[in-house]
Amino acid sequence: MAYPHGLFSWIDVSTHDPAASKEFYTELFGWDVDDQFDPEGNYIYTMFTKDGKNVAGLGKQPAEMIEAGVPPVWSSYVNVDSADETIESWTGAGGTVMMPAMDVFNSGRMAFVVDPAGGIVGLWQAKDHPGGEVFNEHGALTWNELNTRDADSAREFYGAALAWEFELNPGEGPPYWVIKLPGKTPGAPLSEDMWNGGIFTMNENFPPEVPQHWVVYFWVDDADVAVDRLTSLGGSITVPAFDTPVGRMAVVADPWGGMFSLMAPAS
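Everything numeric in this text was worked out from a predicted model, so none of it was measured. (Residues numbered from 1 in each chain as written. Predicted model: local features only at pLDDT ≥ 70, side-chain atom pairs only at ≥ 80, totals over all residues. Heavy atoms only, no water.)

1. Examining the overall build of the protein
1) Next: Along the backbone of the protein there are five helices and 16 strands.
2) Next: Against the 2.2 N^0.38 benchmark of 18 Å for 267 residues, the protein shows a C-alpha radius of gyration of 18 Å, consistent with a compact globule.
3) Next: Dimensions of the protein, computed from C-alpha atoms along their principal axes, come out at roughly 45 × 45 × 40 Å.
4) Next: Looking at the protein as a whole, 49% of its 267 residues are labelled buried.
5) Next: Total accessible area on the protein stands at roughly 12600 Å², and carbon and sulfur atoms take up 53% of it.
6) Next: If the 12 positive side-chain charges of the protein are averaged to one point and the 38 negative ones to another, these points end up 2 Å apart. (Helix = DSSP H or I, 4+ residues; strand = E, 2+ residues; numbered from the N terminus. Rg over C-alpha atoms; globule rule 2.2 N^0.38 Å. Buried < 20%, exposed > 50% of the residue type's maximum accessible area, 1.4 Å probe, protein only. Areas by Shrake-Rupley, 256 points an atom, 1.4 Å probe, with all protein chains shown as cover. Lys, Arg positive; Asp, Glu negative; His and termini not counted. Charge placed at Lys NZ, Arg CZ, Asp CG, Glu CD.)

2. Considering the nonpolar core
1) Next: Trp74, Trp164 and Phe260 are the most contacted members of the largest nonpolar core, which totals 55 residues.
2) Next: By residue number, the principal contributor to this core is helix α4 (residues 151-162), which donates six residues.
3) Next: Excluding its chain neighbours within four sequence positions, the residues that come into contact with Trp74 are Ile11, Asp12, Val13, Tyr25, Trp31, Ala56, Gly57, Val216, Phe218, Met259 and Phe260.
4) Next: Core analysis: the second largest hydrophobic core is formed by nine residues, Tyr176, Tyr217, Trp219 and Met263 among them. (Core = buried A, V, L, I, M, F, W, Y, C linked by side-chain atoms within 4.5 Å. Contact = heavy atoms within 4.5 Å.)

3. Concerning the packing of helix α1 (residues 18-29) against helix α5 (residues 223-232)
For any two helices packed against each other, one specifies the crossing angle of their axes together with the interaxial distance.
1) Next: It is at 9 Å that the axes of α1 and α5 come closest, and there the two elements cross at 155°. Between α1 and α5, the crossing angle belongs to the class labelled roughly antiparallel. Judged by the sense of rotation from one axis to the other, the crossing of α1 with α5 is right-handed. Within the contact between the two elements, α1 uses Phe24, Glu27 and Leu28 and α5 uses Ala226, Arg229 and Leu230.
2) Next: Residue composition of the contact of α1 with α5, by class: four nonpolar, no polar and two charged. (Axes fitted to C-alpha atoms, helices over the stretch in contact; angles between N-to-C directions. Parallel < 35°, antiparallel > 145°, perpendicular 65-115°, else oblique. Left-handed = near helix turned anticlockwise from the far one by under 90°. Nonpolar A, V, L, I, M, F, W, Y, C, P; charged D, E, K, R; others polar.)

4. Brief notes about α5
An α-helical turn contains 3.6 residues, so any two residues separated by three or four positions project in the same direction.
1) Next: Burial in α5 covers these residues: Ala223, Ala226, Val227 and Leu230. Seen along its axis, α5 keeps its buried residues to an arc of 100°; they face one direction. Set apart from the buried face of α5 by more than 90 degrees, the exposed residues are Val225, Asp228 and Ser232.
2) Next: Turning to α5, the residues buried within the fold contact α1, β14 (236-244), β15 (247-253) and β16 (259-264).
3) Next: Sitting at the amino-terminal end of α5 is Asp222, which places a side-chain oxygen 3.0 Å from the backbone nitrogen of Asp224. (Arc of directions from axis to C-beta. Polar contact = N/O pair within 3.5 Å; in protein donor to acceptor, adjacent residues only side chain to side chain.)

5. Considering α1
1) Next: Between its first and last C-alpha, α1 extends 16 Å over 12 residues, near the 16 Å set by a 1.5 Å rise per residue.
2) Next: Those residues of α1 that sit buried are Pro18, Ser21, Lys22, Phe24, Tyr25, Thr26, Leu28 and Phe29. (Expected span 1.5 Å × (residues − 1).)

6. Points about the environment of Gly171
1) Next: Assignment of secondary structure puts Gly171 in the loop between β10 (165-168) and β11 (176-180).
2) Next: Look at Gly171 and you get partly exposed, because its relative accessible area is 42%.
3) Next: Along the chain, Gly171 and Pro255 lie 84 residues apart, while their C-alpha atoms are 35 Å from each other.

7. Structural notes on the environment of Glu133
1) Next: Residue position: Glu133 is located in the loop between β8 (120-126) and β9 (140-148).
2) Next: In this structure Glu133 touches Tyr3, Lys53 and Asn54, once residues within four positions along its chain are discounted.
3) Next: A polar contact is formed between the side chain of Glu133 and the backbone nitrogen of Asn54, at a distance of 2.7 Å.

8. Observations concerning the sheet that holds β15
1) Next: Read from one edge of the open sheet, eight strands run β10-β11-β12-β9-β13-β16-β15-β14, paired in mixed fashion. For this open sheet the edge positions go to β10 and β14, each flanked by a neighbour on one side alone. Strand-to-strand twist of the sheet, defined as the mean angle between neighbouring strand axes without regard to direction, takes the value 25°.
2) Next: Here four bridges tie β9 to strand β12 (residues 195-201), and the two strands are oriented parallel to one another. Bridging from a neighbouring strand, Asn147 pairs with Phe200 of β12.
3) Next: Contacts between α5 and the sheet are confined to β14, β15 and β16, with β15 contributing the most and set at about 10° to the helix. (Pairing = 2+ DSSP bridges.)

9. Some words on the pattern of salt bridges
1) Next: Tallied over the entire structure, the rule returns 10 salt bridges.
2) Next: Between Asp35 and Lys22 there is a salt bridge, with the nearest N and O atoms lying 3.0 Å from each other. With a gap of 13 residues between them, Asp35 in strand β2 (residues 32-37) and Lys22 in helix α1 connect regions that are remote in the sequence.
3) Next: Salt-bridge contacts for Asp103 lead to Lys127; the nearest nitrogen and oxygen are separated by 3.4 Å. Separated by 24 residues along the polypeptide, Asp103 in strand β6 (residues 96-104) and Lys127 in the loop between β8 and β9 bring together distant segments of the chain.
4) Next: With relative accessibility at 44%, the residue Lys127 sits in the partly exposed group.
5) Next: Within the structure, one salt-bridge network assembled from shared partners comprises Asp84, Asp103, Arg109 and Lys127. (Salt bridge = Lys/Arg side-chain N within 4 Å of Asp/Glu carboxyl O.)

10. A closer look at the packing of aromatic side chains
1) Next: Summed over the entire model, instances satisfying the criterion amount to 26 aromatic pairs.
2) Next: Within the aromatic cluster, the residues linked to one another by ring pairs are Phe24, Tyr25, Phe29, Trp31, Phe48, Trp74, Phe218, Trp256 and Phe260.
3) Next: The lysine or arginine in question, Arg155, covers the ring of Trp177, its NZ or CZ lying 3.7 Å from the ring centre. (Phe/Tyr/Trp six-rings, centres within 6.5 Å; stacked < 30°, edge-to-face > 60°. Lys NZ or Arg CZ within 6 Å of the ring centre and 35° of its normal.)

As C-alpha cells, this is what we get:
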C-alpha cells in the first residue's frame, strides 16, 4: 500500500519507560505488541498492532530528554514522496530541521521538522513500512490537529511546505480549518475521506507559554467508557469528555503526562 504525499500515515510515542507504557496502552486500546530488535539483539522499537495490523509505534526517549524530565510525546508523521525534497520545501517556506533525514533500516527514511511557530512533525518516506494499516476504528488513529495562535500563517506555511489545501468548517463556534489533501484522488488509499486533519486556533483556555503543536486523536467506540478505563489504569483527564457536532471527545494523558485526545460517536 502506497499512501499519497502529504497524508498523515503514522504515529508513535517516545517514552522513558517502554515496558510500563506498553502495558498501559495495550490495556487501554486492546493492542498487541511486536517488539523490534537489531541484529545484536538490542531493543529498538515497538510496533503496536490491532488484529495483526500495525496501528502505532513506541520508542525510548533519548537520554537527554529523560534527564530533563520530558513527559512522553506522541508524534505525527506525514507520508512524503521524498524526505530530502520535502525538507527543501519546508525550509524554503520558513521551517527548520530538528533531525535531518536518515534511513531506518529498510523500513523507510525519516526526519523531524519544525514549523515557524514551533510545531514539530515527522516526515516519513516509506519503503518496507508504509505506515499505519488501520484507521478510524476503535484504538486507531482518526485525526491530527494543529493547535495554533495564527491559523492564517499556519495555512500559508503548510500549503507551501506540503501542498495542503484548506476549507473552513461551516459549523458554528470558533473558526476551524480542515486540511484537504489533493493526493487523495478516487481509488487512492483512504480516498473515501478527503480530510487530512484540522487547524484549531488556541483560545484563552491555553496558557500563553504553550507553543504551536500537533495533537493525535484516537477513535474509540465510547468516549466515557474509554476515559473511565484510562483513569483506572493511572491516566489523567485534561479536558473531560464533551460533545461536538462531529463526535464526543476528551483530552487525556497517560500516567507519565503523555497527552493525546479521544474521539467517539456523538452521545
